[in-house]
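Summary of the model geometry
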Amino acid sequence: MKMKKFGGTERKVYDLVKPIAEDLGYSIWDVSFEKEGAYWYLRVFADHPDGMTIEDCEKLTRPVNAAVDAADPITQAYILEVGSAGLERELNQPKHFEETIGMTVRARAIRPIQGVREWIGTLTAWDGTQITLETADADASVTLVLAELSFVKHYVSTDF
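Below you will find a few notes about this structure. (Residues numbered from 1 in each chain as written. Predicted model: local features only at pLDDT ≥ 70, side-chain atom pairs only at ≥ 80, totals over all residues. Heavy atoms only, no water.)

**Details of the sheet that holds strand β5 (residues 116–126)**
Selection criterion: If DSSP finds at least two bridges between two strands, the strands pair. A helix here means a DSSP run of H or I that spans at least four residues, while a strand means a run of E at least two residues long, and both kinds are numbered starting from the N terminus. Under this scheme, a helix contributes an axis fitted over its contacting stretch, all axes are lines through C-alpha atoms, and angles between N-to-C directions fall in the 0 to 180 degree range.
Taken together, the 5 strands give an open sheet; going across it, the order is β7-β6-β5-β4-β8, and neighbouring strands pair in antiparallel fashion. In the strand order of this sheet, the two ends are held by β7 (141–145) and β8 (149–154), each with one partner. Direction aside, neighbouring strands of the sheet carry axes that sit 40 degrees apart on average. Inspection of the sheet shows β5 paired to strand β6 (residues 130–135) by 5 bridges, in the antiparallel sense. Residue pairing for β6: threonine 122 is matched across the bridge by glutamate 134.

In structure tokens, the structure reads:
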């Protein structure tokens, strides 16, 4: 897994919308600008301590849309989507790992590592190249190299 590096457009939009979101009580988790089929999508993923509702997304969409339109950092046509970062959000930036220490994550390897392909555990350490998880089914922690992982996501148990 590679750490996400903001492209020029993503960085400009992030810097533009971050203060808007913070003024409204939200935080920006991620910004992506990707082509899917014939269309370009600008996606702004937001978060709130109490979670994001559809109303929160609507509340944030209007000022984000106005600010991006006024600054005009994108030359081609695109579709703007403002949404929640989601419960099982992917950790793909240094700040994500730093903010998630002490929380439960799910990590999946590109190929099995010593016969195991997926781990769920508490993220106890991150140094920029590897993570350490304390798993419930192991007496010891496991250290995983990020380059050998396809993803690391925040994990929410679906057990009731």
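The discussion continues.
**Let's talk about the nonpolar core**
Under the convention used in this document: Side-chain atoms within 4.5 Å are what join buried Ala, Val, Leu, Ile, Met, Phe, Trp, Tyr and Cys residues into a set we call a nonpolar core. Using a 1.4 Å probe on the protein chains alone, a residue whose accessible area is under 20% of its type maximum counts as buried, one over 50% counts as exposed, and one in between counts as partly exposed. In what follows, residue pairs with any heavy atoms lying within 4.5 Å of each other are defined as contacts.
Ranked by size, the top nonpolar core spans 20 residues in total, and within it Val13, Val17, Ile28, Leu42, Val44, Leu60 and Val64 carry the most contacts. Those elements that provide at least two residues to this core are α1 (8–23), β1 (27–36), β2 (39–47) and α2 (54–71). Here valine 17 is in contact with Ile28, Val44, Val64 and Val68, once residues within four sequence places are set aside. Formed by 14 residues, the second largest nonpolar core is a distinct cluster that contains Trp119, Leu123, Val142 and Leu144.

**Section: the sheet that holds strand β3 (residues 79–84)**
In spatial order, the strands read β1-β2-β3; together these 3 strands make up an open sheet with mixed pairing. The open sheet has two edge strands, β1 and β3, and neither has a second partner. Recorded for the sheet is a direction-independent mean angle of 20 degrees between the axes of neighbouring strands. Of the pairings in the sheet, the one linking β1 to β2 comprises 9 bridges and is antiparallel in character.

**With respect to the environment of leucine 80**
Relative to the elements of secondary structure, leucine 80 occurs in strand β3. Every residue in contact with leucine 80, bar those within four places of it in the chain, is listed here: Leu42, Val44, Val64 and Asn65.

**Some details on the pattern of salt bridges**
Just so we agree on the cut-off: Salt bridges are defined as contacts in which a side-chain nitrogen from Lys or Arg sits within 4 Å of a carboxyl oxygen from Asp or Glu.
Scanning the entire structure with this criterion turns up 9 salt bridges. For aspartate 15, the salt bridge goes to arginine 11, with nearest N and O atoms at 3.2 Å. Note that aspartate 15 and arginine 11 are positioned in helix α1 at a spacing of 4 residues, about one turn of the helix. Put simply, arginine 106 and glutamate 88 hold a salt bridge, and the shortest N to O gap is 3.5 Å. Of the two residues, arginine 106 sits in strand β4 (residues 104–113) while glutamate 88 sits in the loop between β3 and α3 (94–100), which places them 18 residues apart along the sequence. A relative accessible area of 13% means that arginine 106 is categorised as buried. The partly exposed category is assigned to glutamate 88, whose relative accessible area is 30%.

**Comments concerning α1**
Put simply, the rule is: Given a helix with a known number of residues, its expected span is that number minus one, times 1.5 Å. By definition, a residue's bend is the angle between the axes fitted to the seven residues ending there and the seven starting there.
With 16 residues, α1 extends 24 Å from end C-alpha to end C-alpha; this agrees with the ideal 22 Å at 1.5 Å per step. Of all the bends found along α1, the most pronounced is centred on valine 17 and spans about 30 degrees, while proline 19, a proline, follows it within four residues. Three or more residues of α1 are buried, namely Glu10, Val13, Tyr14, Val17, Ile20 and Ala21. On its buried face, α1 sits against β1, β2, α2 and α3. Once α1 ends, the next one or two residues include glycine 25, with phi positive near 90 degrees.

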